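Analysis of the macromolecular model
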Amino acid sequence: MARLEGKTAVVTGAADGIGFAISEAMAREGAHVFLGDIAADKGSKAADQLRAEGLNADFLHCDVSIEADIAGLIDAAVKKTGRLDVLVNNAAIAIGGMPVYEMSDEQWHRLIAVNLTSVFRGCKYALPHMIAQKSGSIINMASAQGHIGLDGWTAYAGAKGAVMSMSRQMAVEFGPHNIRVNSISPGTINTPMNEQVIEQLGPGLMQSWIGMHPIGRIGKPSEVAEAAVYLASDAAGFTTGIDLRVDGGLTAMPHFIPHNSKPV
Ligand SMILES: NC(=O)c1ccc[n+]([C@@H]2O[C@H](COP(=O)([O-])OP(=O)(O)OC[C@H]3O[C@@H](n4cnc5c(N)ncnc54)[C@H](O)[C@@H]3O)[C@@H](O)[C@H]2O)c1
């Protein structure tokens, strides 16, 4: 039996990258997926593609930095299916690659609006439905950069750290309502977001990224999607308040050479 049969899932930033991979994987596992994204053309094509496979998918334009758009996306899912089982707060943007003193206030506020305030709002509008239903799974997309430092990404890392601690907090607060809240921290994943970073910072970056992951490569969106399907499913019924690292060992690797690892 499909792992998400009969469930309703809302995914933000769903037109491309990890968000699309999650939407596709959840729909293939039987969920009715509501894809929200600021990119209307790409998003409706993504939902068309899933429907062409015979899956249940709807696209709604949603800019996660606009409160009414998030409320509207969640509302549409509940109106059409009568329930809300899964919320994946996935949309985010990468503004960084510069020291913090070169980041403008405008860039800071944009990043916080898209990467952090959106998570607060998604939860704010989803939780009342999940509380009434006495069940739900919220998955917030964090990042390896919430665990380790990387030159030039202070604001992004700050937002991801906050996403993780908010998820933990809500897991405690809403556990008694049978609502699970977890985050996922991907390592470097092959998506348009990273194509943009490579364009900005140069092609040599890819080799450094590969070298940062003990597994010897960067990750695939489908590998993050598998983790999200698990957290959304009843198989993860006792799993809440965790941050699931899908990072090829990136955050496990010491970034120094331990003294005793050298031959003497
Ligand atoms: N790619 C990685 O290496 C990586 C690593 C760690 C964490 N993440 C996180 O995973 C998530 C997905 O990243 P990705 O690499 O797939 O990104 P991506 O840029 O490839 O895709 C992001 C999607 O979000 C949409 N989006 C952007 N701004 C939006 C807004 N204001 N409202 C709604 N949708 C918006 C884009 O149109 C796009 O479809 C993000 O939270 C990101 O921070 C990614």
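These lines cover the structure that appears in this document, whether it is placed above or below. All values derive from a computational prediction rather than experimental measurement.

1. As for the overall build of the protein
Each helix and strand in the protein was counted, giving 8 helices and 7 strands. Against the globule reference of 18 Å for 264 residues, the protein gives a C-alpha radius of gyration of 18 Å, in line with a compact fold. The buried share of the protein, reckoned over its 264 residues, is 51%. Residue pairs in contact within the protein that sit at least 24 positions apart in sequence constitute 73% of those at least 6 positions apart.

2. Looking at the packing of aromatic side chains
The final tally for this structure, using the stated rule, is 1 aromatic pair. With a centroid separation of 5.9 Å and an interplanar angle of 75°, the aromatic rings of Trp153 and Tyr156 are classed as edge-to-face. Trp153 gets classed as buried once you look at its relative accessible area, which sits at 8%. Tyr156 sits in the buried class, given a relative accessible area of 9%.

3. A short note on the environment of Thr154
Mapped onto the secondary structure, Thr154 falls in helix H5 (residues 154-174). Overall, Thr154 belongs to the partly exposed group, its relative accessible area being 48%. C-alpha of Thr154 to C-alpha of Met103: the two residues are 51 residues apart in sequence and 9.6 Å apart in space.

4. A short note on the nonpolar core
In this structure, Val10, Ile74, Leu84, Leu87, Leu111, Leu127 and Ile138 are the most contacted members of the largest nonpolar core, which totals 45 residues. For this core, the secondary structure elements donating two or more residues are helix H3 (67-81), helix H4 (105-133), H5, strand E6 (179-186), helix H6 (192-201) and helix H7 (205-212). If you tally residues by element for this core, the top one is H4, at 9 residues. Residues in contact with Leu87, not counting those within four places in the same chain, are Val10, Ile74, Gly122, Cys123, Ala126, Met130, Ser137, Ile138 and Ile139. Of all hydrophobic cores here, the second largest spans 34 residues; its members include Ala27, Val86, Val88 and Val246.

5. Considerations on the environment of Lys134
As for its position among the elements, Lys134 is in the loop between H4 and strand E5 (136-141). When the C-alpha atoms of Lys134 and Ile179 are compared, they prove to be 7.1 Å apart, with 45 residues separating the residues in sequence. Setting aside its immediate chain neighbours within four residues, Lys134 contacts His177 and Asn178.

6. Things to note about the sheet that holds strand E3 (residues 57-61)
The parallel open sheet is built from 7 strands, whose spatial order is E3-E2-E1-E4-E5-E6-E7. In this open sheet, the two edge strands, each paired with only one partner strand, are E3 and strand E7 (243-246). Taking the axes of each pair of neighbouring strands and ignoring which way they run, one obtains an average angle of 20° across the sheet. Where strand E4 (residues 86-89) lies against E5, 4 bridges are found, and the strand directions are parallel. Bridge pairing in E5 places Asn89 opposite Asn140.

Procedures and definitions
Residues numbered from 1 in each chain as written. Predicted model: local features only at pLDDT ≥ 70, side-chain atom pairs only at ≥ 80, totals over all residues. Heavy atoms only, no water. Helix = DSSP H or I, 4+ residues; strand = E, 2+ residues; numbered from the N terminus. Rg over C-alpha atoms; globule rule 2.2 N^0.38 Å. Buried < 20%, exposed > 50% of the residue type's maximum accessible area, 1.4 Å probe, protein only. Contact = heavy atoms within 4.5 Å. Phe/Tyr/Trp six-rings, centres within 6.5 Å; stacked < 30°, edge-to-face > 60°. Core = buried A, V, L, I, M, F, W, Y, C linked by side-chain atoms within 4.5 Å. Pairing = 2+ DSSP bridges. Axes fitted to C-alpha atoms, helices over the stretch in contact; angles between N-to-C directions.

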